[in-house]
Amino acid sequence: NAGVTQTPKFRILKIGQSMTLQCTQDMNHNYMYWYRQDPGMGLKLIYYSVGAGITDKGEVPNGYNVSRSTTEDFPLRLELAAPSQTSVYFCASGGDNEQFFGPGTRLTVL
Amino acid sequence: LAKTTQPISMDSYEGQEVNITCSHNNIATNDYITWYQQFPSQGPRFIIQGYKTKVTNEVASLFIPADRKSSTLSLPRVSLSDTAVYYCLVGVSGAGSYQLTFGKGTKLSVIP
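Residues numbered from 1 in each chain as written. Chains lettered and ligands numbered in written order. Predicted model: local features only at pLDDT ≥ 70, side-chain atom pairs only at ≥ 80, totals over all residues. Heavy atoms only, no water.

Engineer: How should I be thinking about the overall build of chain B in this particular structure?
Structural biologist: Along the backbone of chain B there are zero helices and nine strands. The order of helices and strands in chain B, counted from the N terminus, is β-β-β-β-β-β-β-β-β. Taken over the C-alpha trace, chain B has a radius of gyration of 13 Å; the compact-globule value for 112 residues is 13 Å, and the two agree within 12%. Within chain B, contacts between residues separated by at least 24 positions form 57% of all contacts whose residues are at least 6 apart in sequence. Carbon and sulfur atoms make up 51% of the accessible area of chain B, which totals about 5600 Å². Put simply, chain B has 9 plus and 7 minus side-chain charges, and the middle of one group is 7 Å from the middle of the other. (Helix = DSSP H or I, 4+ residues; strand = E, 2+ residues; numbered from the N terminus. Rg over C-alpha atoms; globule rule 2.2 N^0.38 Å. Contact = heavy atoms within 4.5 Å. Areas by Shrake-Rupley, 256 points an atom, 1.4 Å probe, with all protein chains shown as cover. Lys, Arg positive; Asp, Glu negative; His and termini not counted. Charge placed at Lys NZ, Arg CZ, Asp CG, Glu CD.)

Quick look at the structure:
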């Protein structure tokens with residue numbers, strides 16, 4: 001099993017550009033999550049999904065959108081990138097007792 | 001979600017036992033205590049979870065007193081590879097029934 005995979009690993013955006021961060025898991029988990037982590041800080045929940053077709057906001061959803069058309073995929077969309085969105089983004093999927101995290105996407109908005 | 005408080009940083013020499021204490025005064029009856037480890041440039045990784053008393057696995061032990069208002073992660077005989085940030089989280093267990101709230105964690109530095 002590959003676990004949770006994320007693409008791209010790195011990306012630089014200009015202010016106002018848009019992009020989609022991809023996340024795929026092969027563990028057949030219903031629950032999936034998106035977090036962001038700013039330097040020296042903990043992770044903050046952006047959005048989560050409890051199954052295909054169902055998504056809900058986390059602590060910091062503004063400026064982001066998600067969709068969940070399949071169990072495996074949970075993409076995160078940034079519509080109008082802003083410097084405040086410079087961060088490392090982690091996707092995770094949820095097992096019974098723990099969450100499994102992907103390797104992260106490092107995003108810089110200039 | 002119950003708030004947790006843990007030390008910002010700790011230093012330890014190789015081979016020593018390290019104990020990281022987490023305070024969670026407002027823990028709810030249904031809440032579990034979970035610890036994650038995060039290395040630089042990687043996502044967090046689950047270490048251990050418990051509800052009460054003591055839990056032990058191959059990498060750590062978790063001690064939870066009867067009142068459950070605190071917990072202690074114990075790492076036996078640490079090595080340089082244990083240098084990481086350790087997060088204490090409190091929430092209802094189960095795949096989707098809890099949303100993890102990560103604080104700043106405890107940065108453990110293991111010294112040769």
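Engineer: Can you walk me through the interface of chain B and chain A in this structure?
Structural biologist: Interfaces are often sized by the amount of accessible area the parts lose when they come together. Taken residue by residue, the interface counts 19 residues in chain B and 21 residues in chain A. The interface formed by chain B and chain A holds three residue pairs in polar contact (both at pLDDT 80 or more) in total. Of all the elements in the fold, those that place two or more residues in the side of chain B that touches chain A are strand S3 (31–38) and strand S4 (45–50) of chain B. Along the lines of polarity and charge, the residues of the side of chain B that touches chain A split into eight nonpolar, 10 polar and one charged. (Polar contact = N/O pair within 3.5 Å; in protein donor to acceptor, adjacent residues only side chain to side chain. Nonpolar A, V, L, I, M, F, W, Y, C, P; charged D, E, K, R; others polar.)

Engineer: Can you help me understand the layout of surface pockets in this one?
Structural biologist: Take a probe with the size of a water molecule and roll it over the atoms, and the empty space left behind shows itself. A volume near 620 Å³ is recorded for the largest pocket. Surrounding the largest pocket, 27 residues form its lining, Gln 37 of chain A together with Gln 38, Phe 39, Pro 40 and Ser 41 of chain B being those nearest its centre. Of all the elements in the fold, those that place two or more residues in the lining of the largest pocket are strand S9 (87–94) and strand S11 (105–109) of chain A together with strand S8 (84–92) and strand S9 (106–111) of chain B. It is S8 of chain B that contributes the most residues to the lining of the largest pocket, three residues altogether. Considered class by class, the residues forming the lining of the largest pocket number 13 nonpolar, nine polar and five charged. (1 Å grid on protein atoms, 1.4 Å probe; cavity = no way out; pocket = protein on both sides within 12 Å on 5 of 7 lines; lining within 4 Å. Points joined across faces, edges and corners; volume = space filled by probe spheres on them.)

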